[in-house]
Number of protein chains: 2
Amino acid sequence: MSAIEKKIPYKIYLEESEMPKAWYNLRADMKNKPSPLLNAETKQPMTAEELGVVFCEELVKQELDDVNAYYPIPQEILDFYRMYRPAPLVRAYCLEEKLQTPAKIYYKFEGNNTSGSHKLNSAIAQAYYAKNQGLTGVTTETGAGQWGTALSMACAYLGLDCKVYMVKVSYEQKPHRREVMRTYGASVTPSPSTETEVGRKILEAHPGTGGSLGCAISEAVEKATSMEGYRYVLGSVLNQVMLHQSIIGLETKAAMDKYGIKPDIIIGCAGGGSNLGGLIAPFMGEKIRGEADYRIIAVEPASCPSFTRGKYAYDYCDTGMVCPLAKMYTLGSNFIPAPTHAGGLRYHGMNPTLSQLYADGLMEATTVAQTEVFAAAEQFARVEGILPAPESSHAIKVAIDEAMKCKETGEEKTILFGLTGTGYFDMMSYEKFHNGVMTDYVPSDEEIAKGLAGLPAVEL
Amino acid sequence: MSAIEKKIPYKIYLEESEMPKAWYNLRADMKNKPSPLLNAETKQPMTAEELGVVFCEELVKQELDDVNAYYPIPQEILDFYRMYRPAPLVRAYCLEEKLQTPAKIYYKFEGNNTSGSHKLNSAIAQAYYAKNQGLTGVTTETGAGQWGTALSMACAYLGLDCKVYMVKVSYEQKPHRREVMRTYGASVTPSPSTETEVGRKILEAHPGTGGSLGCAISEAVEKATSMEGYRYVLGSVLNQVMLHQSIIGLETKAAMDKYGIKPDIIIGCAGGGSNLGGLIAPFMGEKIRGEADYRIIAVEPASCPSFTRGKYAYDYCDTGMVCPLAKMYTLGSNFIPAPTHAGGLRYHGMNPTLSQLYADGLMEATTVAQTEVFAAAEQFARVEGILPAPESSHAIKVAIDEAMKCKETGEEKTILFGLTGTGYFDMMSYEKFHNGVMTDYVPSDEEIAKGLAGLPAVEL
């Protein structure tokens, strides 16, 4: 196989001048809009004023806007993007050859930056608006650590203070992630902590707990709202995040259009939905407008199956119930994946926009077990070079499955998936996999039912 | 500051079609050639036949060749290069602004691949020639782990067996690096081990030793020469490695030429010399041929100062003295940097070609202390985004120093440095730095003299 004869290069890089200059707000094109966030007490739609206590003004505007299709990207954010973007769209020639499939496989690689993932795309945007509003700093939570790292980098760049609540079990298992954040000047606190009221309550109720994302969110929100000049920022789930992450899909589409490529299948891993939502945005827009058709697949861990086994209902975004209610596919705000679950994608809910699209039948969802995910990750690493994040590897697994189906049928389908990041800080999980001690876990129907029993009663 | 108005982009990416198609052999242009490798017993120049016991045939040819200036890069290697090359040449706009310097700073970033460094450039070449010769596998040593990772990746891609002897102290401190290598199918043994005669001898003489690069080399060489179908490969020091690494400099020069940029100062960190030699190769060629002048600076750790405090003499390449003798700047094959030394650049000697160039006054060398190196690394990370490897940060430190001199004098010098890799697996060292427990170490004159006293007697 020789790449020189190939028309399509291994890596399609847009020129910096070809980078999208505006984010795309998919909600503007949706016929059924995602349901509004509700005030947890009044059960009434959250107003901009109410949201402004927690979030930055401009981000509140973006969160509530389902009308305007494009948001020009501020120049300062474009400048930052240029430090690591455009991200390459890679033709997986080596994987195709290894699989001996007639399918054409492409992946958008978002890991070529120090945060190691796509999270940086929204981190710089959120930090920018915070800075622009004259704030002193921001607070956030992080689980696997990508988001906290991304936000630390963005804050260091802009000179903002950054307080990260890191899920305790991750804090202990991933001291290196913590040090990366410290390198960028962030303060990192294991959650639950005694720094907040909600943290102290959770510690009292569950002494020795390893924490959860939902709990860390509660702490970060409490901290932000109790300090002058601070706001809370979130790396996934929210519609504003999906807006910023649309840069992934826009670049991908621009690169594909340049070479006349049209994907048949688009695959993304789904935790809170930030990567999937960003990758599919412009393609889904075309699909909704009837301009093109794509098969779109969300891949979630069998151990945290929000789309596939959750309920489409209003739920709390956090364990401490300090956040507004969102209508989404959820397993209940008290659902925590089994301790054997490695990597991210452990959020109990799902981005409201993606939830509505899924409810409307515009996309599919499937689950995969983690041992098969790590096997796919290793197979991919050995031929494509990149050592993928466990999260991204969920998409790899399904992409390989689809490519193998093509091999059986002889169809030359074009498969696109999102390679959200690298797994350099996940070697402990890789080690478990290598040593054969990684296990799979599928929650029982009873466990799922127990999580769903905690959903708040909302009548609209 | 807006990048859009700037003529030179943040990142200059060559097209894949513009990638160099041949490596450049700087020795062909040198007036004083590097001295030949000697048989340690006979003290006569090593023949191709003798070297062929240890190294692959084609690599022996490259090692001994100081006549041919260009080696066409085989297509399979070019295909592999395309997975992560061309590497970006980055204009450090953000660092310049932070420093408020009139200097123009560029860095060639070689860390955008899973091995995390430039080592992959030579790993794939060496693995390719081994495969081409019909070998079953290769053996090698690794210290900080970049080279072992790179070779593992190359071997996985080509389906070669890969046995890595990892300096024991690194093996224990960097379990994650080990797991990356295992992901790529390599076997990793802590050195000294009981697997080899030389390992057993060293263990007997120094029970509980943490090992050294020189010792791991001895084990890997013994293993290779005692097994059918195996050869030894080395990630630095050798002239063949510098040949492969010339891709760094060739790409850099092509990118600079494209935009009419000419560096005044070229800076690279120097351990065994692979990165520095690769980066400067085409520039040094011009300098030797009298076509251009550049100030070229090698930066080494104060704790392992081969150029600046070593002796230009024949020495063993390894502790076990199983390798040929090389004439190089050396601290003696028994010299081991103090245990407080973090990261790589811990080899006692230096590439023979670079050694000759330095002896001829064609380049400078300087040392830096590790705490100032980590301070520079952190400063760089916060503005340029990339979290640099400790090794690369030696070059960053001196680049910043030179840029600050420009600030004083008002000179608009163009500074180029090699950013060889990322520091994701060095967070333990970063942690020490953050916690203020990192110390500097400068060997005393007595220590240096003790290392040099072990040099073999060679009369030519």
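What you see is a predicted model; the values in this text were computed from it and never measured.

Criteria and thresholds
Counting restarts for each chain, with residues numbered from 1 along the sequence as it is written. Here every chain gets a letter starting at A, and every ligand a number starting at 1, in the order they are written. In view of the model being predicted, local features appear only for residues whose pLDDT reaches at least 70, and side-chain atom pairs are presented and counted only at 80 or more, with totals across whole chains, interfaces and linings using the full set of residues. As a convention, hydrogens and water are excluded, and side-chain values are obtained from all of the structure's heavy atoms. Least squares is the method used to superpose the copies, on C-alpha atoms of residues holding a pLDDT of at least 70 in both. Note on contacts: a residue pair qualifies if any of its non-hydrogen atoms lie within 4.5 Å across the two residues. Note on exposure labels: buried denotes an accessible area under 20% of the residue type's maximum, exposed denotes more than 50%, and partly exposed covers the range between, all computed with a 1.4 Å probe on protein chains only. Under the scheme used here, helices are H or I runs from DSSP no shorter than 4 residues and strands are E runs no shorter than 2 residues, and both carry numbers assigned from the N terminus. Being paired, for any two strands, means DSSP has found at least two bridges between them. To obtain an axis, a line is fitted to C-alpha atoms, over the contacting stretch when the element is a helix, and the angle between two such axes runs from 0 to 180 degrees between their N-to-C directions. Every case where a carboxyl oxygen of Asp or Glu lies within 4 Å of a side-chain nitrogen of Lys or Arg is listed as a salt bridge. Put simply, buried area is the surface a 1.4 Å probe can reach on two separate parts but cannot reach once they are joined, added for both. Put simply, Ala, Val, Leu, Ile, Met, Phe, Trp, Tyr, Cys and Pro go in the nonpolar bin, Asp, Glu, Lys and Arg in the charged bin, and everything else, Gly too, in the polar bin. N or O atoms closer than or at 3.5 Å make up a polar contact, with two conditions inside protein: a donor-capable atom paired with an acceptor-capable one, and, for residues adjacent in sequence, both atoms drawn from side chains.

Peer 1: So, the relation of the copies chain A and chain B: which residues are in play, and what are the values?
Peer 2: Note on the copies: chain A fits chain B at an RMSD of 0.0 Å, the axial shift is 0.0 Å, and the rotation between them is 180°. Such values leave the two copies arranged in the relation of a two-fold axis. No C-alpha of chain A lies nearer the rotation axis than that of Asn112 of chain A, which sits 3.1 Å from it. Of the interface residues in chain A, 100% have counterparts in chain B that sit at the interface too, so the contact is made through matching surfaces.

Peer 1: Before we move on, can you summarise the pairing of strand β13 (residues 325-330) of chain A with the specific residues and values?
Peer 2: Residue and element names in this part refer to chain A. The element β13 is extensively covered by neighbouring structure, given that five of its six residues are classed as buried. Bridge count between strand β12 (residues 311-316) and β13: six bridges; the pairing is antiparallel. Its bridge partner lying in β13, Ala313 is registered against Met328.

Peer 1: Give a description of the sheet that holds strand β1 (residues 11-12) of chain A that names residues and reports values.
Peer 2: All names here are of chain A. The seven strands lie next to each other as β1-β4-β5-β15-β10-β11-β14, forming an open sheet whose pairing is mixed. Edge strands, defined here as strands with exactly one partner in the open sheet, are β1 and β14 (364-368). Looking at chain direction, strand β4 (residues 89-91) and strand β5 (residues 104-109) are connected through three bridges and run antiparallel. Paired with Leu89 across the bridge in β5 is Lys108. Across the face of the sheet, helix α15 (residues 370-384) comes into contact with β4, β5, β14 and β15 (414-419) while running at roughly 95° to β14.

Peer 1: Give a detailed account of the pattern of salt bridges, specifying residues and quantitative values.
Peer 2: Evaluation of the coordinates by the stated rule reveals 58 salt bridges over all chains. A salt bridge links Lys405 of chain B to Glu402 of chain B, with the shortest nitrogen-to-oxygen separation between them at 3.0 Å. Within this pair, Lys405 of chain B and its partner Glu402 of chain B are both found in helix α16 (residues 390-409), separated by three residues, close to a single helical turn. A relative accessible area of 45% means that Lys405 of chain B is categorised as partly exposed. One network of salt bridges, with partners in common, ties together Lys11 of chain A together with Glu16, Asp79 and Arg82 of chain B.

Peer 1: Describe the pairing of strand β15 (residues 414-419) of chain B, and please don't skip the residues or the numbers.
Peer 2: Residues and elements named next belong to chain B. The element β15 is largely enclosed, with a buried count of six among its six residues. Where strand β5 (residues 104-109) and β15 come together, six bridges link them in parallel fashion. In the strand pairing of β15, Lys108 is matched with Gly418. As judged from the three bridges shared by strand β10 (residues 265-269) and β15, these two strands associate in the parallel manner.

Peer 1: Could you give an account of the interface of chain A and chain B, naming the residues involved and the relevant values?
Peer 2: Taken together, the contact pairs 49 residues of chain A with 49 residues of chain B. In total, about 4400 Å² of surface goes out of reach between chain A and chain B, with carbon and sulfur atoms giving 55% of it. Of all residues in chain A, Thr183, Arg382 and Tyr424 of chain A give up the largest surface area on contact with chain B, accounting jointly for 15% of the area buried on that side. Seen at the junction of chain A and chain B, the total is four salt bridges. Among the salt bridges present, the one from Arg178 of chain A reaches Glu431 of chain B, with a minimum N-O distance of 2.9 Å. Only α3 (75-81), α6 (146-158), α8 (175-183), α15 and α17 (427-434) of chain A provide two or more residues apiece to the side of chain A that touches chain B. In terms of residue count, the dominant contributor to the side of chain A that touches chain B is α8 of chain A (six residues). Residues that form the side of chain A that touches chain B fall into these classes: 24 nonpolar, eleven polar and 14 charged.

Peer 1: Now, about the side chain of Ser236 of chain A: what can you tell me, with residues and values included?
Peer 2: Residues and elements named next belong to chain A. Looking at the element boundaries, Ser236 is found in the loop between β9 (230-232) and α11 (239-258). On the basis of relative accessible area, Ser236 is assigned to the buried category, the value being 10%. A polar contact of 3.4 Å, which involves the side chain of Ser236, links it to the backbone nitrogen of Ser274. Those residues within four positions of Ser236 in sequence are excluded, and the remaining contacts are Lys119, Val241, Gly272, Gly273 and Ser274.

Just distances and angles here, no functional claims.
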